[in-house]
Amino acid sequence: MKQYLLSVHFVEGAPAPSDEEMQTMFRETDRINDELQAAGAWVFAGGLTSPDSATVVRVDNGTTTMSDGPFAETKEHIAGFWVIKCADLDAALAWAEKCAAACGPVEVRPFDDLSQA
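Analysis parameters
- Position numbers for residues count from 1 along each chain, tracking the sequence in the order it is written.
- Reporting of local features is limited, given that this is a predicted model, to residues whose pLDDT is at least 70; pairs of side-chain atoms are given and counted only at 80 or more, and all residues count toward the totals for whole chains, interfaces and linings.
- Excluded from the side-chain calculation are hydrogens and water; included are all heavy atoms of the structure.
- Every helix listed is a DSSP run of H or I at least four residues long, and every strand listed is a run of E at least two residues long, numbered separately from the N terminus.
- When accessible area is computed with a 1.4 Å probe and restricted to protein chains, residues below 20% of their type maximum are described as buried, those above 50% as exposed, and intermediate ones as partly exposed.
- Should any heavy atoms of two residues lie within 4.5 Å, those residues are considered in contact.
- To measure how exposed things are, a 1.4 Å probe is used in the Shrake-Rupley method; for residues, cover is taken only from the protein chains shown.
- Residues counted as positive are Lys and Arg, residues counted as negative are Asp and Glu, and His and the chain ends are not counted.
- In plain terms, the charge of a residue is placed at NZ if it is Lys, CZ if Arg, CG if Asp and CD if Glu.
- Here a cavity is any set of points on a 1 Å grid over the protein atoms alone where a 1.4 Å probe fits but cannot get out, and a pocket is any open set with protein on both sides within 12 Å along at least 5 of 7 lines; a residue lines the site when it has an atom within 4 Å of a point.
- Grid points are joined across faces, edges and corners, and a volume is the space filled by probe spheres set on the points.
- When residue character is reported, Ala, Val, Leu, Ile, Met, Phe, Trp, Tyr, Cys and Pro are called nonpolar, Asp, Glu, Lys and Arg charged, and the others, Gly included, polar.
- For a helix, the expected span equals 1.5 Å multiplied by the number of residues minus one.
- Working note: the arc is built from the helix axis to C-beta atom directions.

Per an unreviewed UniProt entry, the protein chain is named YCII-related domain-containing protein, and its organism is Micromonospora parastrephiae.

### Digging into the overall build of the protein chain
When you go through the protein chain residue by residue, the secondary structure sums to 2 helices and 6 strands. Along the protein chain, helices (α) and strands (β) appear in the sequence β-α-β-β-β-β-α-β when read from the amino end. The proportion of buried residues among the 117 residues of the protein chain is 22%. A separation of at least 24 residues holds for 75% of the contacts in the protein chain among residues at least 6 apart in sequence. Carbon and sulfur atoms make up 55% of the accessible area of the protein chain, which amounts to about 8000 Å² in all. Of the charged side chains in the protein chain, 8 are positive and 19 negative, and the gap between their average positions amounts to 4 Å.

### A few points about the layout of surface pockets
Size it by volume and the largest pocket reaches roughly 700 Å³. Forming the boundary of the largest pocket are 30 residues, of which Val8, Met22, Met25, Ala79 and Cys103 lie nearest the centre. At the level of elements, β1 (2–11), α1 (19–39), β2 (42–47) and β5 (76–86) are the ones that each hand at least two residues to the lining of the largest pocket. Residues of the lining of the largest pocket, tallied by class, amount to 20 nonpolar, 10 polar and no charged.

### Some points on α1
Between its terminal C-alpha atoms α1 stretches 30 Å, which fits the 30 Å expected from 21 residues at 1.5 Å a residue. Listed as buried for α1 are Thr29, Ile32, Asn33 and Leu36. The arc enclosing the buried residues of α1, seen along the axis, measures out at 105 degrees, which places them on a common side. Exposed residues lying more than 90 degrees from the buried face of α1 are Glu20, Arg27, Asp34 and Ala38. Buried residues along α1 sit against β2, β5 and α2 (89–103).

In structure tokens:
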């Protein structure tokens, strides 16, 4: 079984969902989480705090520096993710379709073979 990252994207400046829409998204996400677990595809998942809470750590010539804020200056950020295991990309895309219906755009990326150990 190969592992896939399904990442949920948030676009800064896009209209925020209403409280009712957020509650629907949470319910649908919980339902999908239960379905992933029941199917044996679940590895783990999580939501992330806003990008302004990020710290970027860099090491250059043995010197470590830390800076506040996201790594890239962009309007699109990862808001949450699932790590799932599936037989193939088609199966991962089918799960991503369900996830995207619940909470918006989802990017699917396979882990490299070195990460599968």
